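# Observations on the model geometry
The residues making up each chain are set out below.
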Amino acid sequence: MHTSQTLTDQRRRPAPVLAALTLALSVIAGTAATLTATPATAEAAPYRDTLTGWADRLDAAATVLEAEPERPITRIGSGPLLKRGSSGERVERLTQRLAELGFLDRLRRGDLYDEEVDTAVRAFQFSQRMKVDGLVGGGTRVALDRSPQEAAAQMRRSALSMRAFRDTAPDTVILVNLPSQTTTLVRDGEEALTMRSIVGRPSRETPLLQDQITHVIVNPTWTVPPTVLKEDKLPLLRAKGTPGIANAVVYLDGAPVEPGVVDWRNVSPRRVRIVQQPGDHNALGRYRFNMTNPYNIYLHGTNEPRLFDREIRTVSSGCVRLEDARGMAEALLATEHVSTARLDRMLDRQEPQWIKLSQPVPVRFVYWTATVDDRDAVRLHPDIYDLNEDTVPAAAPDTIGPGPAIPGSADPMPPAQRA
């Protein structure tokens, strides 16, 4: 049987819980649907109205889920990737959970990830607009483990935070939503550009900041930040005599050295500096967007575009990588009278060029684990930094004025310095 037909049969399979879980399945997705860098159309609604619609949609969906009776669920739990051929206790829990959701027969038992389980996982992923690959990694596992009540709590928190953001954010702002790993440029109240992003891994979180972009750097160098130097590059120098960075200059006590001839065993991190030269190989790509925070957090491009194909893109050391850094640069530099032709000429020079923005662009980092896509479907995202509280927020009023910090909104006091 062809896969497409198999998925269709799975979605049609009768099960006692399917009717009750129809809405729950539509909102228990683990990651956002595939998102490309998309300019807004001329008919786009003002972004504040979009946020109002999103918040109302989330509250309405949460109300429906909260009315459902609580049912016990089997949680797969964290662990290694599960795929066809895997076996063990977590696979057994996976089959039980798929049966609870109506994707497997309730009589199906076993601890082997076989073709039937693979088909059921793919059907679940398809129903959630996730990447249909039959792999139960972080995103799929989180989606399967989430209860309707937990989904409703995520919606309430995000709706509350969206309304707070709507009422306090400037008309022009760059919005970085960490759980959905997306970045949006709002200009004069209208959405201008949205793209995938890469954010900090859980051990090197991207902090919730309120900041601003002051400069765009074309052809930036990359100076390895202190944490990366200490934890990653200096150990590599000690083990192999190389930092493992293409076209990089290694400095010891301020002077460039040939790294292969230095005994790095007793060299402290503070004596070392590593600078990667500009170019397509550079870790920052061709664009860096400087901000003013003391935590060395900024936006930039990348030399690893393949990473944007992942559903969970928490792989940076804290900074935010942009899928379409060129598009962001063009949008920000348009007001500085930098044409695309001039930008091309700047790129050809292969040396860093700083452009100061006459009006700094505000940047807000938010933590919305629930959003609404362009088809009005609720999308739930992993709580990548475990910031959601256990309590379920009450339904929010339509208007929220300035006040105490809202969980999930930008926090001007990040907890610790990041690299």
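Residues numbered from 1 in each chain as written. Predicted model: local features only at pLDDT ≥ 70, side-chain atom pairs only at ≥ 80, totals over all residues. Heavy atoms only, no water.

### Brief notes about the overall build of the protein chain
Looking only at helices and strands, the protein chain features ten helices and 16 strands. In the protein chain, buried positions account for 51% of the 419 residues. Taking the intrachain contacts of the protein chain between residues at least 6 apart in sequence as the baseline, contacts between residues at least 24 apart amount to 71%. In the form shown here, the protein chain has an accessible surface area of approximately 19,300 Å², with 51% of it arising from carbon and sulfur atoms. (Helix = DSSP H or I, 4+ residues; strand = E, 2+ residues; numbered from the N terminus. Buried < 20%, exposed > 50% of the residue type's maximum accessible area, 1.4 Å probe, protein only. Contact = heavy atoms within 4.5 Å. Areas by Shrake-Rupley, 256 points an atom, 1.4 Å probe, with all protein chains shown as cover.)

### Here we look at the sheet that holds strand 8 (residues 255-257)
What the four strands build is an open sheet, ordered 6-9-7-8; its pairing is antiparallel. If you trace the sheet from one side to the other, it starts and ends with strand 6 (222-223) and strand 8, each paired once. With five bridges joining them, strand 7 (residues 248-252) and strand 9 (residues 272-276) adopt antiparallel strand pairing. The residue of strand 9 that forms the bridge with V249 is V275. (Pairing = 2+ DSSP bridges.)

### Considerations on helix 5 (residues 115-127)
The first and last C-alpha atoms of helix 5 sit 18 Å apart over 13 residues, in line with the 18 Å expected at 1.5 Å per residue. Every buried residue belonging to helix 5 is among V117, D118, T119, A120, V121, A123, F124 and Q125, and all of these are buried. R129 occupies a position one or two residues after helix 5 and carries a positive phi of about 60 degrees. (Expected span 1.5 Å × (residues − 1).)

### Description of the pairing of strand 9
Counting buried positions along strand 9 yields four of five residues, so the element is predominantly enclosed. Sheet analysis places strand 6 next to strand 9, joined by two bridges and oriented antiparallel. What sits directly across from T223, in strand 9, is V275.

### Some points on the nonpolar core
Grouped together as the largest cluster of nonpolar side chains are 55 residues, with contacts concentrated most on I174, V272, F289 and F365. Ranked by residues supplied to this core, first place goes to helix 9 (residues 325-333) with six residues. Within the second largest apolar cluster, 24 residues are counted, among which are L51, A61, A152 and M155. (Core = buried A, V, L, I, M, F, W, Y, C linked by side-chain atoms within 4.5 Å.)

### Side note on the UniProt feature "active site" (unreviewed entry) in the protein chain
Summarizing the sequence annotation, UniProt attributes the feature "active site" (unreviewed entry) to H300 and C319 in the numbering used throughout. A maximum C-alpha distance of 7.7 Å places the annotated residues, which cover 20 residues in sequence, within one compact spot. Mapped onto the elements of the fold, H300 is located in strand 11 (residues 299-300). Owing to a relative accessible area of 4%, H300 belongs among the buried residues under this scheme. With sequence-adjacent residues up to four places away left out, H300 is seen in contact with A283, L284, Y287, R288, F289, C319, V320, R321, L322 and A325. The residue C319 is located in the loop between strand 12 (314-316) and strand 13 (320-322) in this model. With sequence-adjacent residues up to four places away left out, C319 is seen in contact with I198, V199, G200, T206, N296, I297, Y298 and H300. (UniProt positions renumbered as here; feature names shortened; annotations may be inferred.)

### So, unusual backbone geometry
Most peptide bonds adopt trans geometry, and most residues besides glycine take a negative phi value. Unlike most non-glycine residues, R129 shows phi in positive territory, near 60 degrees. Secondary-structure assignment places R129 in the loop between helix 5 and helix 6 (138-145).

### Description of the side chain of T182
Its location among the elements puts T182 in strand 3 (residues 182-187). In this structure the side chain of T182 is engaged in a polar contact, spanning 2.7 Å, whose partner is the side chain of S180. (Polar contact = N/O pair within 3.5 Å; in protein donor to acceptor, adjacent residues only side chain to side chain.)

### Notes on the packing of helix 3 (residues 47-67) against helix 7 (residues 148-168)
Describing two packed helices takes the angle between their axes plus the distance from one axis to the other. Remark: helix 3 packs on helix 7, axes separated minimally by 8 Å, with the N-to-C direction vectors making an angle of 155 degrees. The orientation of helix 3 relative to helix 7 falls into the category roughly antiparallel. Along this stretch, helix 3 crosses helix 7, giving a crossing that reads as left-handed. Considering only residue class, the contact of helix 3 with helix 7 consists of 15 nonpolar, four polar and eight charged. (Axes fitted to C-alpha atoms, helices over the stretch in contact; angles between N-to-C directions. Parallel < 35°, antiparallel > 145°, perpendicular 65-115°, else oblique. Left-handed = near helix turned anticlockwise from the far one by under 90°. Nonpolar A, V, L, I, M, F, W, Y, C, P; charged D, E, K, R; others polar.)

### Looking at the pairing of strand 3
Among the six residues in strand 3, five count as buried, and that is most of the element. In this sheet, strand 3 lies alongside strand 2 (residues 173-177) in antiparallel orientation, the contact comprising five bridges. Bridge pairing in strand 3 links V176 to T183. The turn linking strand 2 back onto strand 3 is made up of four residues, and Q181 within it adopts a positive phi angle of 55 degrees. Of the pairings in the sheet, the one linking strand 3 to strand 4 (residues 190-200) comprises six bridges and is antiparallel in character. Each residue of the ladder has a partner; that of T183, found in strand 4, is M195. Counting the residues between successive antiparallel strands, the hairpin from strand 3 to strand 4 contains two residues, one of them, D188, with a positive phi of roughly 50 degrees.

### Points about the packing of helix 9 against helix 10 (residues 340-348)
The geometry of helix 9 relative to helix 10 is characterised by a closest axis approach of 11 Å and an angle of 125 degrees between their N-to-C directions. Considering the angle they form, helix 9 stands oblique to helix 10. Judged by the sense of rotation from one axis to the other, the crossing of helix 9 with helix 10 is right-handed. Residues R326, E330 and L333 of helix 9 touch helix 10, and the partners they reach there are T340, L343, D344 and L347. Considered class by class, the residues forming the contact of helix 9 with helix 10 number three nonpolar, one polar and three charged.

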